[in-house]
Amino acid sequence: MCYDIFIIHVERFSHERSVFIVEKRKDKNGRVLKTGEYQRKNGTYVFRYSAGHGQVHSAYAKTLDLLRKKEENIRRDISDGIDYAAGEITVSELVDRYMNLKRDLSENSRRGYSTVINRIKESPFGQMKVRNVKPSNAKAFYIYLHDRGNKRNTISIFHCVLRPSFEMAVDDDIIRKNPFKFQISDILPNDAEKRTALTKAQQETYLKFVRDYGQDNYYDDIVILLGTGLRVSELYGLTKMWILRHVAFILTISYAEQQKSPTLLHHLRLPVVCEQSL
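Now for a quick tour of the structure.

**Remarks on helix α4 (residues 135–147)**
Next, step 1: Its 13 residues give α4 an end-to-end C-alpha distance of 18 Å, which sits within 8% of 18 Å, the value for a rise of 1.5 Å per residue.
Next, step 2: Among all positions of α4, only Ala-138, Phe-141, Tyr-142, Leu-145 and His-146 are buried. Along α4, the residues classed as buried sweep out an arc of 135° about the axis, all on the same side. More than 90 degrees from the buried face of α4, the exposed residues found are Ser-136 and Asp-147.
Next, step 3: Those residues of α4 that are buried are in contact with α3 (107–122) and α5 (152–171).

Okay, structure coming up:
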């Protein structure tokens, strides 16, 4: 039970003045409560404070000792400019705040991140208070994802969202340190499947098949992909003007390389195309 401050007003007629006697609040065990400390009817303790935003916030604890440890952290954070109240937002809310400020993302990139963001929201980790997240919590979350079949490359996408989100929280004085400042490789093995490139003989056989049975549709495209390592999206993003401007340079380099070791680019029929276009 919380004992309210009460004032006994005693008139001393001999001195013709008033004397105020203030009795301090105490908990059930008789311990004196400091300013802002209260004991509830169920025996738990609460500390009420204002962080300077005009709103009163509360911190709770089962014991008075635990409450006072929280008080120390709160006062230290307020003194250092850390917004303790803002630290009450969840990880999911912090990620949403960060993503809403990212205006330079393309729609494709935003859609790609949406899956990761939804999984963060649905996880218990996403409901944690930002100020309670420690490096061990962050690492445990990644191990949790990995144990459920997510590859390290997939988890790195989570890292690309969570690390800058918490860095923003540091910049905003919500937390002191970024719990995601670690390398994923320090906690997760490299489980990416090793890809075996086609041998020169296999590439020749594949090109022969495309030339003989592919109705001459994608032969040049496949030669470029094999010879340069471009992605399909990168190849078809090239404009005709770009190709015409750079093909002379490409062919010059390719010719020089072929003198050392013949490459697949000798299959390419671009010289004829360029001569006709020019």
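Okay, back to it.
**Details of the packing of helix α2 (residues 91–100) against α5**
Next, step 1: Relative to each other, α2 and α5 sit at 90°, their axes nearing to 9 Å. For the element pair α2 / α5, the angle class is roughly perpendicular. The residues of α5 that touch α2, namely those facing Val-91, Leu-94, Val-95, Arg-97, Tyr-98 and Met-99, are Val-161, Leu-162, Pro-164, Ser-165, Phe-166, Met-168 and Ala-169.
Next, step 2: A class-by-class count of the residues in the contact of α2 with α5 yields eleven nonpolar, one polar and one charged.

**A closer look at the nonpolar core**
Next, step 1: With 31 residues, the main nonpolar core has Val-91, Val-95, Tyr-142, Leu-162, Phe-166 and Phe-180 as its most contacted residues.
Next, step 2: Going through the elements one at a time, α2, α3, α4 and α5 are the ones with two or more residues in this core.
Next, step 3: In terms of residue count, α5 provides more of this core than any other element does, eight residues in total.
Next, step 4: Ignoring anything within four residues of it in the chain, the contact list for Phe-180 reads Phe-125, Val-133, Ala-138, Tyr-142, His-159, Leu-162, Arg-163 and Phe-166.
Next, step 5: In terms of nonpolar packing, the next biggest core, distinct from the first, is built from nine residues, Leu-33, Ala-59, Ala-61 and Leu-67 among them.

**Some words on a nonpolar patch on the surface**
Next, step 1: Together, Tyr-218, Val-232 and Tyr-236 give the surface a local cluster of nonpolar side chains, amounting to about 350 Å² of exposed area.
Next, step 2: When you line up the elements, Tyr-236 lands in helix α8 (residues 232–237).
Next, step 3: On the accessibility criterion, Tyr-236 (49% relative accessible area) is partly exposed.

**Examining the pattern of salt bridges**
Next, step 1: Scanning the entire structure with this criterion turns up six salt bridges.
Next, step 2: A salt bridge links Asp-96 to Lys-121, with the shortest nitrogen-to-oxygen separation between them at 3.5 Å. With Asp-96 in helix α2 and Lys-121 in helix α3, the pair connects residues that are 25 residues apart, well separated along the chain.
Next, step 3: A residue is classified by how much of its surface remains accessible, and Lys-121, at 34% relative accessible area, is partly exposed.
Next, step 4: Among the salt bridges present, the one from Lys-181 reaches Glu-167, with a minimum N-O distance of 4.0 Å. Of the two residues, Lys-181 sits in the loop between α5 and α6 (200–213) while Glu-167 sits in helix α5, which places them 14 residues apart along the sequence.
Next, step 5: With a relative accessible area of 54%, Lys-181 lands in the exposed category.
Next, step 6: With a relative accessible area of 26%, Glu-167 lands in the partly exposed category.

**A short note on the packing of α4 against α5**
Next, step 1: Between α4 and α5, the shortest axis-to-axis distance is 10 Å and the interhelical angle comes to 150°. As far as their axial angle goes, α5 and α4 are roughly antiparallel. Crossing geometry of α4 relative to α5 is assigned as right-handed. Of α5, the residues touching α4 (which contributes Phe-141, Tyr-142, Leu-145 and His-146) are Arg-152, Ile-155, Phe-158, His-159 and Leu-162.
Next, step 2: Classifying every residue of the contact of α4 with α5 by side-chain character gives six nonpolar, two polar and one charged.

**So, the packing of aromatic side chains**
Next, step 1: A complete count under the given rule lists ten aromatic pairs for this structure.
Next, step 2: Arranged with centres 4.5 Å apart and planes meeting at 15°, the rings of Phe-125 and Phe-141 form a pair that is stacked. Of this pair, Phe-125 sits in the loop between α3 and α4 while Phe-141 sits in helix α4, placing them 16 residues apart in sequence.
Next, step 3: Overall, Phe-125 belongs to the buried group, its relative accessible area being 7%.
Next, step 4: By relative accessible area, which is 4% here, Phe-141 ends up buried.
Next, step 5: A centroid spacing of 6.1 Å and a plane angle of 75° characterise the contact between Phe-141 and Phe-158, whose relative ring orientation is edge-to-face. Of the two residues, Phe-141 sits in helix α4 while Phe-158 sits in helix α5, which places them 17 residues apart along the sequence.
Next, step 6: One aromatic cluster is present, formed by Phe-125, Phe-141, Tyr-142, Tyr-144, Phe-158, Phe-166, Phe-180 and Phe-182 through successive ring pairs.

Cut-offs and rules
- Residues numbered from 1 in each chain as written.
- Predicted model: local features only at pLDDT ≥ 70, side-chain atom pairs only at ≥ 80, totals over all residues.
- Heavy atoms only, no water.
- Helix = DSSP H or I, 4+ residues; strand = E, 2+ residues; numbered from the N terminus.
- Expected span 1.5 Å × (residues − 1).
- Buried < 20%, exposed > 50% of the residue type's maximum accessible area, 1.4 Å probe, protein only.
- Arc of directions from axis to C-beta.
- Contact = heavy atoms within 4.5 Å.
- Axes fitted to C-alpha atoms, helices over the stretch in contact; angles between N-to-C directions.
- Parallel < 35°, antiparallel > 145°, perpendicular 65-115°, else oblique.
- Nonpolar A, V, L, I, M, F, W, Y, C, P; charged D, E, K, R; others polar.
- Core = buried A, V, L, I, M, F, W, Y, C linked by side-chain atoms within 4.5 Å.
- Patch = residues over 30% accessible without salt bridge, like charges linked within 9 Å, V, L, I, M, F, W, Y side chains within 5 Å.
- Areas by Shrake-Rupley, 256 points an atom, 1.4 Å probe, with all protein chains shown as cover.
- Salt bridge = Lys/Arg side-chain N within 4 Å of Asp/Glu carboxyl O.
- Left-handed = near helix turned anticlockwise from the far one by under 90°.
- Phe/Tyr/Trp six-rings, centres within 6.5 Å; stacked < 30°, edge-to-face > 60°.

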